[in-house]
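Fold and geometry: a report
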Amino acid sequence: MDDWPEDFRDFRMAREAELTEPYGWLTLRGFHWLDDQPAELAGLPGRWWADGDQARAHLEATPADGLTRDDHPVDGTSTLAVDEYARVPWVDRGDVRVELLRRGGRLAVRVRAATSPEREAFGGVPTYPYDPAWRLPATFTAYDAARDVEVDTIRPELRQVMHPFGEVRFTAGGEEQRLAVTKGKYGWGVEFRDPTNGEETETWRQLHFDPPEPGSGEVVLDFNRALNMWCAFTDFATCPAPIAGNVVSVPVRAGELRWR
C-alpha cells in the first residue's frame with residue numbers, strides 16, 4: 001500500500017469497510033424465490049408467499065416464531081412490496097435479517113446475519129499491483145435513447161434487463177475497445193469480461209467512473225479500481241452479467257483478483 005496514491009488507498013479502505021459491514025455481503029445465509037402459495041422456507045419460521053402477479057409479498061407468523069418488523073412481533077400477516085432492482089429489510093429474528101428483493105419481475109427473500117465466519121476471518125481482497133498505466137483516457141458517446149438489453153445473471157434461472165445509455169471508447173494493449181455504460185447505485189459503470197477471467201480474476205468484473213464534465217465526452221477509466229461483483233463473495237447474489245460485447249480484448253491485469 002505504500003506506493004498507492006492516497007485517493008486509491010482511501011478507495012480500497014472504503015471498499016473493504018463496505019464488505020465487512022454487519023449484515024453485509026459476507027454474512028448472507030440464504031435465498032428463496034417466493035411462490036404464489038404459502039410455504040415454509042428452510043431455516044425460517046412462518047409461511048411466505050407472493051401474489052400471483054408478484055406484486056406484493058406476504059408473511060404469516062405468530063409471536064412464538066420470534067420475527068419482528070420495526071421492533072414489533074409479527075402476529076398475523078405482514079405484507080411488503082419492492083421495486084425492480086431494489087431490496088428492502090423486512091423482518092428480523094435475533095441477529096438474522098430477512099430482506100425482500102425483486103429481480104426479473106420475481107420476488108425473493110434473502111437472509112443476512114450480523115456476522116459470519118467469513119466476515120470474522122476476512123483478510124482483504126487480493127489485487128494486482130497498482131499500475132498507473134491502467135488509468136486510461138476514454139471518450140463517452142451517449143445513445144439517442146437508453147436501450148433495454150436482456151442479460152444473463154449469476155443465477156441460471158434469472159435474466160435481467162439492463163439499460164445502457166451510451167458507450168466508452170478507449171485503447172488498451174494497442175487495440176481499440178468499446179464498452180456499453182449503465183448507471184446504478186454507485187453511478188456510471190461498466191461490467192466487462194477480459195482474458196484473465198476464470199484463472200486470475202472472477203468470471204466478470206465491474207468498473208465505476210466519474211461522468212464527463214458538461215459539454216465534454218472525456219472520462220478516465222482507472223482499471224486499478226475494477227471490482228469483483230457481490231457474487232464473488234456469496235452464493236446468494238443476483239449479479240447481472242456484462243452486456244453482450246462488453247469484452248476487453250487484452251488481459252486487464254489491474255484491480256481485484258479472485259477472492260476464493
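Everything here concerns the structure above.
Remember, it's a predicted structure, so these values are computed and weren't measured experimentally.

So, about the pairing of strand β14 (residues 166-172). Counting buried positions along β14 yields five of seven residues, so the element is predominantly enclosed. In the sheet, strand β11 (residues 135-142) pairs with β14 via four bridges, with the strands oriented antiparallel. Across the sheet, residue Thr141 finds its bridge partner in β14, namely Glu167. Across seven bridges, β14 lies against strand β15 (residues 175-184) in antiparallel orientation. The residue of β15 that forms the bridge with Glu167 is Ala180. Linking β14 to β15, which pair antiparallel, is a turn of two residues; within it Gly173 sits at a positive phi near 60°.

With that settled, the discussion passes to helix α1 (residues 6-19). In this model, α1 (14 residues) spans 20 Å end to end at C-alpha, consistent with the 20 Å of a helix rising 1.5 Å per residue. Looking at α1, one finds that the buried residues are Phe8, Phe11, Arg12, Arg15 and Leu19. Buried residues of α1 fall within an arc of 95° about the axis and therefore sit on the same side. Projecting away from the buried face of α1 at angles above 90 degrees are the exposed residues Glu6 and Met13. Among the structural elements, β19 (227-228) are those in contact with the buried residues of α1.

Below, the discussion takes up the environment of Gly46. If you trace the backbone, Gly46 turns up in strand β3 (residues 44-50). Taking relative accessible area as the criterion, Gly46 reaches 14% and is therefore assigned buried. With 14 residues separating them in the primary sequence, Gly46 and Glu60 have C-alpha atoms 5.6 Å apart. Among all residues touching Gly46, those that are not within four sequence positions of it are Ala39, Glu40, Leu59, Glu60, Ala61 and Asp65.

A separate point is the sheet that holds β19. The antiparallel open sheet is built from seven strands, whose spatial order is β18-β11-β14-β15-β16-β17-β19. Every interior strand has two partners, whereas the edge strands, β18 (218-222) and β19, have only one. Relative to strand β16 (residues 187-192), β15 runs antiparallel, the two being bridged by three bridges. Bridge assignment links Thr182 to a residue of β16, and that residue is Gly189.

What counts as what
Residues numbered from 1 in each chain as written. Predicted model: local features only at pLDDT ≥ 70, side-chain atom pairs only at ≥ 80, totals over all residues. Heavy atoms only, no water. Buried < 20%, exposed > 50% of the residue type's maximum accessible area, 1.4 Å probe, protein only. Helix = DSSP H or I, 4+ residues; strand = E, 2+ residues; numbered from the N terminus. Pairing = 2+ DSSP bridges. Expected span 1.5 Å × (residues − 1). Arc of directions from axis to C-beta. Contact = heavy atoms within 4.5 Å.

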